[in-house]
Every structure is written in C-alpha cells, then in structure tokens.
Amino acid sequence: MANVNAEALTNTQQRIIDAALDLVSHVGYKSTTTKMIALKAEVNETTIFKNFQSKQVLMDTAFKQHTVQITIEVDEFFSQSFKDTIDLMKQSGRFIANIFDKHRQIVIGTIKEVGNEQTKTIFNYKQEYIQQQLCTKLKEFSNEHSLTDQQYETIVFIFNSAIMSLLVEKTRKEYCDDEQSMTIHLDDVIELILKTVK
C-alpha cells in the first residue's frame, strides 16, 4: 500500500497512527521502532507493514491527517468575524492553545525533530499557517494601530511561540510529574501581546 488515504483510515490504521504519534512525542522518531508501535497499538508488527509499507509512510500519513484537520479548524476559526483587536487576540490565543493541545503529539513530535534531516519530509506540520491566518486577520483592524507588515508578523510570531512554549512547559511537567505551578499563563501572554499592538 504505497499511498494511504489519511482521510479514510480503518480503525486498525488509526490505532497504529495514534500509537506511533504517542511514541514519537515521547521518545522521538529515531527511537520509535515498529515493534514498539505494534505493541502499543496491540497489533502484529506485520500489520503495520501491510497497512503502511514502512515507518516513514506511517508517519507521513499521520502528519498529513493532522495537517488536514488543523487546516480545516484554522480556516473555520478565522472565517468568523471579530469585534476588534482585543476580541481577535483573546479568542485567537485560546484557539491556538486549544489546537496545540488537541494536536499535541504532532506539535511535540515536530519540535523534537527540528533539525533532523532524515525526518524533514515527514514532519511537515507548520505553525506558519496559523501565523499567516492570524496576521491577515489582525491587519483587518489596522485602523486601530499603525504597524508595518513586519511588525504584524513579528507580533504574531512571538504570540504563537509564547503559546507554544506554554504547551511545551505543560507537557514537560506532565511527563516529569513536576508539581510546580506555571508562573506565566495564557491570559498573561494575551495581555502582553495586546499591549504591543496598541
């Protein structure tokens, strides 16, 4: 099976994908073996190869599936109307945090594999799409602030990165059973960014 339709997966294929993503987000792509995936998905290792041919095809299918889902969710969110910059940034902050959390295995897996040439074609999740959509929407309120295109892009990049770092910190604490409370919260990030846009 050379090409797997990421939008029409069987239950078994989905279990394999979920197991693979969970393992990659914990131990990385290179350390994740098909034996580990089979064990976690409760399938025979040959079932993986019957359905996906290779680990690379499996991961490519998983990331395509989530990329399509993320794109649909982002397009739907940014197609709505917002009252003003404050409304846009508050709702966007919560939306971005939710989408990162919902797709955390993809997000964490992508972060873990930054710089890995071997996985460059597989890990194609791009937070740039979310940034582009937010930047475009923010510019619709340009009458509320006088910023250059580069300033808009920088603000959105910082906003997105700060929210991403909150997810990474939350995930790290979950994996490490760290009970320290976070000193920076989503609302703090939103308020800080709103001050830079005014």
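Reference entry: report on the structure contained in this document.

Definitions and cut-offs
- Residues numbered from 1 in each chain as written.
- Predicted model: local features only at pLDDT ≥ 70, side-chain atom pairs only at ≥ 80, totals over all residues.
- Heavy atoms only, no water.
- Helix = DSSP H or I, 4+ residues; strand = E, 2+ residues; numbered from the N terminus.
- Areas by Shrake-Rupley, 256 points an atom, 1.4 Å probe, with all protein chains shown as cover.
- Core = buried A, V, L, I, M, F, W, Y, C linked by side-chain atoms within 4.5 Å.
- Buried < 20%, exposed > 50% of the residue type's maximum accessible area, 1.4 Å probe, protein only.
- Contact = heavy atoms within 4.5 Å.

On to the overall build of the chain. Helix and strand counts for the chain come out as 9 helices and 0 strands. Start at the N end of the chain and walk to the C end: the helices and strands fall as α-α-α-α-α-α-α-α-α. About 10,900 Å² of surface is accessible on the chain, with carbon and sulfur atoms providing 51% of the total.

Attention shifts here to the nonpolar core. Core analysis: the biggest nonpolar cluster contains 30 residues, and Leu88, Met89, Ile96, Phe100, Leu134 and Phe159 have the highest contact counts within it. At the level of elements, α4 (55–78), α5 (85–102), α7 (128–139), α8 (149–176) and α9 (186–197) are the ones that each hand at least two residues to this core. Among the elements that line this core, the one with the most residues is α8, at 8 residues. Non-local contacts of Leu134, meaning those with residues more than four positions away in its chain, are made with Phe78, Leu88, Met89, Ser92, Ile96, Val156 and Phe159. Ile16, Ile17, Ala38 and Ala41 belong to the second-largest nonpolar core, a separate cluster that totals 21 residues.

Right, let's talk about unusual backbone geometry for a bit. Comment: phi is negative for the bulk of residues other than glycine, and the bulk of peptide bonds are trans. With a phi close to 60 degrees, Glu42 is a non-glycine residue in the positive phi region. Among the residues examined, Glu42 registers a relative accessible area of 69% and is labelled exposed. Unlike most non-glycine residues, Gln53 shows phi in positive territory, near 70 degrees. Its place among the elements puts Gln53 in the loop between α3 (45–52) and α4. Overall, Gln53 belongs to the partly exposed group, its relative accessible area being 44%.

Geometric descriptors of this kind do not, in isolation, establish any biological role.
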